[in-house]
Amino acid sequence: MFRKGPVMTQPDDHGYQSHRRSLLRATLGGMVSFVATPALAVTLPRKSAADFRSLSFRHLHTGETLTVPYRESGRYSRDALAAINNLMRDFRTGDIIGMDVGLLDILYRLRTTLDSTQPFEIISAYRSPKTNAYLAARSSGVAKHSYHTKGMAIDIRLPGRRLRDVRRVALDLRLRG
């Protein structure tokens, strides 16, 4: 069963280089990007008063992990959302924003549909406007007005699942991908 409250761990002793190599492998290995939009709320199932939703993450840049029930008895947990926001902060600047709860529901639905208990591997979550401008100036693959700067997008991998399968399920669920 899921534990109550957030559970976080810090990076291991391998240092920055091992995390950098993990990031490079993640980037080269592929990723799926999700964007929360108002239209997606229509595709999510109705929420019952007794629903329970939990997510697990591993941030590839910081090495931090988090397993947290973020919705219980029909309500979002403020403490859980604060822990998620902290984990998904701009790791370059430390800036934190409130991540869109619709995005969390999308991740929950995706993981449930794929029948996975593995943590999502975070490649990119929130990016401050300063970080986004820096990255956009150096890469054509970064949108100047990215949803990452609004806390409405995340780039992830799901261990044990092929990227094309995750993308296909996301598209089948009309979650974009």
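See the structure shown above.
Residues numbered from 1 in each chain as written. Predicted model: local features only at pLDDT ≥ 70, side-chain atom pairs only at ≥ 80, totals over all residues. Heavy atoms only, no water.

S.K.: Just to check I follow, could you spell out the overall build of the protein for this structure?
M.R.: Helix and strand counts for the protein come out as five helices and seven strands. Order of helices (α) and strands (β) in the protein, N terminus to C terminus: β-α-β-β-β-β-α-α-β-α-β-α. For the protein, the proportion of contacts with a sequence separation of at least 24, taken over those separated by at least 6, is 71%. If you sum the accessible surface of the protein, you get close to 10,000 Å²; carbon and sulfur atoms cover 52% of it. (Helix = DSSP H or I, 4+ residues; strand = E, 2+ residues; numbered from the N terminus. Contact = heavy atoms within 4.5 Å. Areas by Shrake-Rupley, 256 points an atom, 1.4 Å probe, with all protein chains shown as cover.)

S.K.: Please clarify how the nonpolar core should be interpreted in this entry.
M.R.: Inside soluble globular proteins, nonpolar side chains tend to come together where they are buried. If you look at the biggest cluster of nonpolar residues, it comprises 28 residues, and the most contacted ones within it are Phe 57, Ile 84, Met 88, Phe 120 and Ile 154. Among the secondary structure elements, those contributing two or more residues to this core are β3 (52-59), β4 (65-72), α2 (78-87), α3 (101-113), β6 (120-124), β7 (153-157) and α5 (163-172). If near-sequence neighbours (up to four positions away) are discounted, Met 88 is found in contact with Phe 57, Met 99, Leu 104, Ile 122, Ala 125, Tyr 126 and Ile 154. (Core = buried A, V, L, I, M, F, W, Y, C linked by side-chain atoms within 4.5 Å. Buried < 20%, exposed > 50% of the residue type's maximum accessible area, 1.4 Å probe, protein only.)

S.K.: Looking at this structure, I do not really get the pairing of β4. What am I missing?
M.R.: Along any regular strand, the residues point their side chains to alternate faces of the sheet. Here β3 runs beside β4; their pairing, made up of seven bridges, is antiparallel. Counterpart to Phe 57 in the pairing with β4 is Leu 66. Between β3 and β4, which pair antiparallel one after the other, the connecting turn spans five residues, and Gly 63 there sits at a positive phi close to 80 degrees. With two bridges connecting them, β4 and strand β5 (residues 75-76) associate as antiparallel partners. Counterpart to Arg 71 in the pairing with β5 is Tyr 76. (Pairing = 2+ DSSP bridges.)

S.K.: Sorry, what's going on with the packing of aromatic side chains here?
M.R.: To describe a pair of aromatic rings, one takes the distance between the centres and the angle between the planes. The full count for this structure, using the stated rule, is two aromatic pairs. Between the aromatic rings of Tyr 70 and Tyr 76, the centroid separation amounts to 6.1 Å while the plane-to-plane angle is 20 degrees, which identifies the pairing as stacked. The ring of Tyr 76 carries Arg 71 above its face, with NZ or CZ at 4.6 Å from the centroid. (Phe/Tyr/Trp six-rings, centres within 6.5 Å; stacked < 30°, edge-to-face > 60°. Lys NZ or Arg CZ within 6 Å of the ring centre and 35° of its normal.)

S.K.: Teacher, can you tell me more about the pairing of β6 here?
M.R.: Counting buried residues in β6 gives five out of five residues, a clear majority hidden from the surface. Where β6 meets β7, three bridges bridge the pair, whose relative direction is antiparallel. When the bridges of β7 are listed, Glu 121 appears paired with Arg 157.

S.K.: Any chance you could explain the side chain of Arg 127 here in plain terms?
M.R.: Position of Arg 127 relative to the elements: it lies in the loop between β6 and α4 (129-138). The charged side chain of Arg 127 is buried without a salt bridge, its nearest counter-charge being Asp 155 at 4.6 Å. Reaching out from Arg 127, the side chain makes a polar contact with the side chain of Asn 132 at a distance of 3.0 Å. Setting aside residues no more than four positions away along its own chain, Arg 127 makes contact with Asp 90, Asn 132, Leu 135, Val 142, Ser 146, His 148 and Thr 149. (Lys, Arg positive; Asp, Glu negative; His and termini not counted. Salt bridge = Lys/Arg side-chain N within 4 Å of Asp/Glu carboxyl O. Polar contact = N/O pair within 3.5 Å; in protein donor to acceptor, adjacent residues only side chain to side chain.)

S.K.: Hey, could you run me through the environment of Thr 112 in this one?
M.R.: Here Thr 112 is to be found in helix α3. Exposure remark for Thr 112: the relative accessible area of 46% places this residue in the partly exposed category. It is 9.8 Å that separates the C-alpha atoms of Thr 112 and Arg 53, two residues lying 59 residues apart in sequence. Within polar-contact distance, the side chain of Thr 112 engages the backbone oxygen of Tyr 108 at 2.8 Å.

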